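Inside the fold
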Amino acid sequence: MSPRTSPVGPPITIRRAVARDAKRLTRLVRGSGAYAGRYATAVAGYRVGPDYIEAHRVFVAVGADGQGGRVLGFYSLVLAPPELDLLFVADEAQGRGIGRLLVAHMRAEARAAGLDRVRVVSHLPAEGFYHRVGAVRTGTALASPPAVPWDRPEFEFRVAPE
């Protein structure tokens, strides 16, 4: 899949993540404002390692800057079973269409891999976002204490063939 750019604001490119992105992706997850307060336990100690990046289809949204691009967000598509495992947009970059761009890219990657649907277990504050980008609610993932002591909405993206 070729890189895509955002139609809004400075150019944003989506590219395949590489091992050297691991620390930046880990910082993005751990620093997410969506996981502050009572949600902090879900990402405390979380690590996106080079091994994870190698094993899954991880893509980053990179903004143009003087240092070769700043990671503004990323997603991870697991093929078996099909799941959008991670989707994060940096707090300061939210509201610019980056999440929507990442979801469109993920759907294209899923289609290219021959998938017809992709499951998502959503973080509670992200539920509205998934509705807005076309995911269909399919159920509830039950709490799994101690890391995630609350139920979470489950969604599915249906992927139409080309």
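Below: a short report on this structure.

Reading the values: the criteria
Residues numbered from 1 in each chain as written. Predicted model: local features only at pLDDT ≥ 70, side-chain atom pairs only at ≥ 80, totals over all residues. Heavy atoms only, no water. Buried < 20%, exposed > 50% of the residue type's maximum accessible area, 1.4 Å probe, protein only. Helix = DSSP H or I, 4+ residues; strand = E, 2+ residues; numbered from the N terminus. Arc of directions from axis to C-beta. Contact = heavy atoms within 4.5 Å. Salt bridge = Lys/Arg side-chain N within 4 Å of Asp/Glu carboxyl O.

1. Re helix α1 (residues 22–30)
For α1, the complete set of buried residues consists of Ala-22, Leu-25, Thr-26, Leu-28 and Val-29. Along the axis of α1, the buried residues cluster in a sector spanning 160°; they form a single face. For α1, the exposed residues lying more than 90 degrees away from the buried face are Lys-23 and Arg-27. On its buried face, α1 is in contact with α2 (50–55), β2 (57–63), β3 (70–78) and β4 (83–89).

2. What about the pattern of salt bridges?
For the coordinates displayed, the defined rule picks out 10 salt bridges. For the salt bridge of Arg-117 with Asp-116, the shortest nitrogen-to-oxygen distance reads 3.7 Å. Here Arg-117 makes a salt bridge to Glu-156, at a shortest N to O gap of 2.6 Å. Note that Arg-117 is positioned in strand β5 (residues 117–121) and Glu-156 in strand β7 (residues 152–158), a separation of 39 residues in sequence. For Arg-117, a relative accessible area of 37% gives the class partly exposed. Since its relative accessible area comes to 14%, Glu-156 is described here as buried. In this structure, a network of salt bridges that share partners links the residues Asp-116, Arg-117, Glu-156 and Arg-158.

3. Quick notes on the side chain of Asp-21
Of note, Asp-21 is situated in the loop between β1 (12–16) and α1. Taking relative accessible area as the criterion, Asp-21 reaches 0% and is therefore assigned buried. Leaving out residues up to four positions away in the same chain, Asp-21 has contacts with Arg-15, Arg-16, Ile-53 and Val-60.

4. So, the environment of Gly-128
Residue placement: Gly-128 occurs in helix α4 (residues 127–132). For Gly-128, a relative accessible area of 29% corresponds to the partly exposed category. In this structure, the C-alpha to C-alpha distance between Gly-128 and Leu-77, residues 51 residues apart in sequence, is 20 Å.

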